[in-house]
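In case you want the letters, here they are:
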Amino acid sequence: MSRILGIESSCDETGVAVVEDGRRVIVDEVASQIDIHRVFGGVVPEIASRQHTQIISQIVGDTLRQAEIGPRGEGLDAIAATRGPGLMGSLLVGLSFAKALAYTWEKPFIPVHHIEGHLFSAFLGDEPPEFPFLALVVSGGHTQLVQCDRPHHYEILGATRDDAIGESFDKVARLLGLPYPGGPSIQAAAEEGDPKAIKFPRGMRSRNSLDFSYSGLKTAVLYALQEEDHPPLADVAASFQAAAVDALLIKTRQAIAQVRAKRLVLAGGVAANRLLRQRLMEELDVKVYLPPLKYCIDNGAMIAAAAHSRLLHGHVGDMRTTPEPSLAL
Ligand code: KG4
Ligand code: ZN
């Protein structure tokens with residue numbers, strides 16, 4: 001049995017968790033800064049790092065107490081933190097805190113790629129995926145189709161050429177006057193709207209590429225809103241969401257056929273989207289693994305889960321490990 005402390009601080013959530021054997025979440029605490037950044041319409045990096053700095057001692061302390069970890073880290077086998085990608089100042093807070101604990105308590109320190117963390121959130125569900133699988137990664141900064149043949153071996157089959165899908169939800173929400181973060185706001189507004197009201201573009205239609213494009217969709221929403229007699233905002237939100245999700249299904253189907261995938265793992269903040277979850281489950285001929293809703297948005301449990309597998313494979317960091325804001329998968 002192994003118990004790992006996972007710390008996530010790449011953006012605007014301070015997530016701290018203790019996870020057993022990469023599967024069972026003992027304690028999971030997330031302090032969200034959404035209310036602080038909302039007035040600015042998006043994340044302000046300097047404010048984000050200050051908030052992480054102010055809260056991290058308290059949230060790590062609370063998590064360790066609830067998990068009944070001893071004062072010298074008794075009961076913990078390793079300490080993990082997100083190394084990147086993300087905001088430099090924010091990453092630095094979580095990574096430095098984790099390294100300091102690991103050094104003091106003489107435990108292995110495990111740096112984790114943020115997207116690998118999201119991928120491992122699927123392992124926190126009732127039925128963990130088996131390798132190999134195809135992964136659809138959809139977050140605020142990433143839109144990727146990734147082939148995972150075995151743990152920690154990733155081949156990127158396709159990625160966005162411009163905006164990430166989460167970013168497009170956030171930008172379109174701003175156009176619609178809906179609060180940050182855009183994903184949940186648009187999802188809620190779309191419930192009242194007609195998804196067929198406007199036929200928005202579905203991104204890259206080329207059969208030769210698994211890449212995505214979301215900037216055209218955002219511009220199409222902007223133009224639609226400039227029309228004097230545009231449909232109600234709920235219809236625009238529903239039509240946008242339908243197009244954004246449809247674009248994912250088109251490329252995911254194409255990728256499944258190309259690599260003859262049998263399993264699909266969904267990962268990232270946009271994995272919380274109800275329409276996306278429903279369509280993937282209903283329309284694809286592969287076994288679909290959805291992360292529990294609670295672990296879609298950034299959290300420490302997914303970092304601890306990924307770190308468990310890294311530790312098993314002997315992938316540990318050391319005191320020289322630095323944050324990498326543009327870390328590649
Ligand atoms: O993974 P995440 O928490 O942070 C990054 O790694 O980027 O993802 C945040 C993104 C935001 O763009 C947010 O609008 C989007 O996930 N999101 C959603 C939903 N919940 C969060 N997008 C669509 N539908 C949702 N229900
Ligand atoms: Zn994320």
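Note: the structure precedes this text.
What counts, and where the lines are drawn
Residues numbered from 1 in each chain as written. Chains lettered and ligands numbered in written order. Predicted model: local features only at pLDDT ≥ 70, side-chain atom pairs only at ≥ 80, totals over all residues. Heavy atoms only, no water. Pairing = 2+ DSSP bridges. Helix = DSSP H or I, 4+ residues; strand = E, 2+ residues; numbered from the N terminus. Axes fitted to C-alpha atoms, helices over the stretch in contact; angles between N-to-C directions. Contact = heavy atoms within 4.5 Å. Phe/Tyr/Trp six-rings, centres within 6.5 Å; stacked < 30°, edge-to-face > 60°. Buried < 20%, exposed > 50% of the residue type's maximum accessible area, 1.4 Å probe, protein only. Lys NZ or Arg CZ within 6 Å of the ring centre and 35° of its normal. Patch = residues over 30% accessible without salt bridge, like charges linked within 9 Å, V, L, I, M, F, W, Y side chains within 5 Å. Areas by Shrake-Rupley, 256 points an atom, 1.4 Å probe, with all protein chains shown as cover. Salt bridge = Lys/Arg side-chain N within 4 Å of Asp/Glu carboxyl O. Donors = N, O, S within 2.8 Å, 3.2 Å for Na, K, Ca; no water. 1 Å grid on protein atoms, 1.4 Å probe; cavity = no way out; pocket = protein on both sides within 12 Å on 5 of 7 lines; lining within 4 Å. Points joined across faces, edges and corners; volume = space filled by probe spheres on them. Near = heavy atom within 4 Å. Polar contact = N/O pair within 3.5 Å; in protein donor to acceptor, adjacent residues only side chain to side chain. Nonpolar A, V, L, I, M, F, W, Y, C, P; charged D, E, K, R; others polar.

(A) Geometry of the sheet that holds strand β9 (residues 263-267). An order of β8-β7-β6-β9-β10 is seen for the five strands of this open sheet, with the pairing classed as mixed. Taken across any chain shown, the strands that pair with only one partner, and hence form the sheet edges, are β8 (153-159) and β10 (287-289). Averaged over all pairs of adjacent strands, the angle between strand axes in this sheet comes to 25 degrees, irrespective of strand direction. The strands touched by helix α9 (residues 274-283) are β6 (133-138), β9 and β10; relative to β9, the strand with the most contacts, the crossing angle is about 175 degrees.

(B) View of the packing of aromatic side chains. Scanning the model with the defined rule gives four aromatic pairs in all. Considering the side-chain rings of F120 and F123, the 4.8 Å spacing of their centres and the 20 degrees angle between planes classify their relative orientation as stacked. Measuring from centroid to centroid gives 5.0 Å for F169 and F240, while their planes differ by 75 degrees, and the two rings are edge-to-face. You can see F169 sitting in helix α5 (residues 165-175) and its partner F240 sitting in helix α8 (residues 233-259), a full 71 residues away along the chain. Here the two residues F169 and F240 agree in accessibility, since each one is buried. Three or more aromatic residues joined by ring pairs form one cluster here, namely F120, F123, F131 and F133. In this arrangement the basic side chain of K287 is found over the ring face of Y289, its NZ or CZ atom lying 5.3 Å from the centre.

(C) Examining the pairing of β8 more closely. Two elements, strand β7 (residues 143-150) and β8, share six bridges in a ladder whose sense is antiparallel. The residue bridging Q147 from the neighbouring strand is E155, located in β8. In this antiparallel pair of consecutive strands, β7 and β8, the connection spans two residues, and H152 shows a positive phi of 75 degrees.

(D) Geometry of the sheet that holds strand β3 (residues 24-32). Judged by pairing direction, the sheet is mixed, and its five strands sit side by side in the order β3-β2-β1-β4-β5 without closing on themselves. Edge positions in the sheet fall to β3 and β5 (109-113), since each has one partner strand and no second. Each adjacent strand pair in this sheet contributes to an overall mean axis angle of 20 degrees, direction not counted. Taken together, the four bridges between strand β1 (residues 3-8) and strand β4 (residues 78-84) define a ladder with parallel strand orientation. Residue pairing in the sheet places L5 in a bridge with I79 of β4.

(E) Structural context of a nonpolar patch on the surface. Together, L175, L222 and Y223 give the surface a local cluster of nonpolar side chains, amounting to about 270 Å² of exposed area. Mapped onto the elements of the fold, Y223 is located in helix α7 (residues 215-226).

(F) Spotlight on the coordination of the zinc ion (ligand 2). The protein atoms that coordinate the zinc ion (ligand 2) are H114 (NE2), H118 (NE2) and D298 (OD), at distances spanning 2.0 to 2.1 Å. Donor residues binding the zinc ion (ligand 2) come from one chain and are separated in sequence as H-x3-H-x179-D. With H114 and H118 both in helix α4 (residues 114-120), this residue pair falls four residues apart, about one helical turn. The two residues H114 and H118 agree in class, both being buried.

(G) Structural context of the layout of surface pockets. Approximately 1,000 Å³ is the volume found for the largest pocket. Lining the largest pocket are 38 residues, and of these S139, G140, G141, D170 and Y180 lie nearest its centre. Of all elements in the fold, only α4, α5 and α6 (182-190) reach the threshold of two or more residues within the lining of the largest pocket. When residues in the lining of the largest pocket are grouped by element, the largest group, six residues, is from α5.

(H) Molecular detail of the site of ligand 1. The environment of ligand 1 is made up of 19 residues, and the closest members are H114, H118, G140, D170 and G183. At 2.8 Å from an oxygen atom of ligand 1 is found a side-chain nitrogen or oxygen belonging to D170. Within the backbone of G269, one N or O atom sits 3.0 Å away from an oxygen atom of ligand 1. Secondary structure elements with two or more residues in the shell around ligand 1: α4, α5 and α6. Examining the composition of the shell around ligand 1, we find that four residues originate from one element, α6, more than from any other. Looking at side-chain class alone, the shell around ligand 1 contains six nonpolar, eleven polar and two charged residues.

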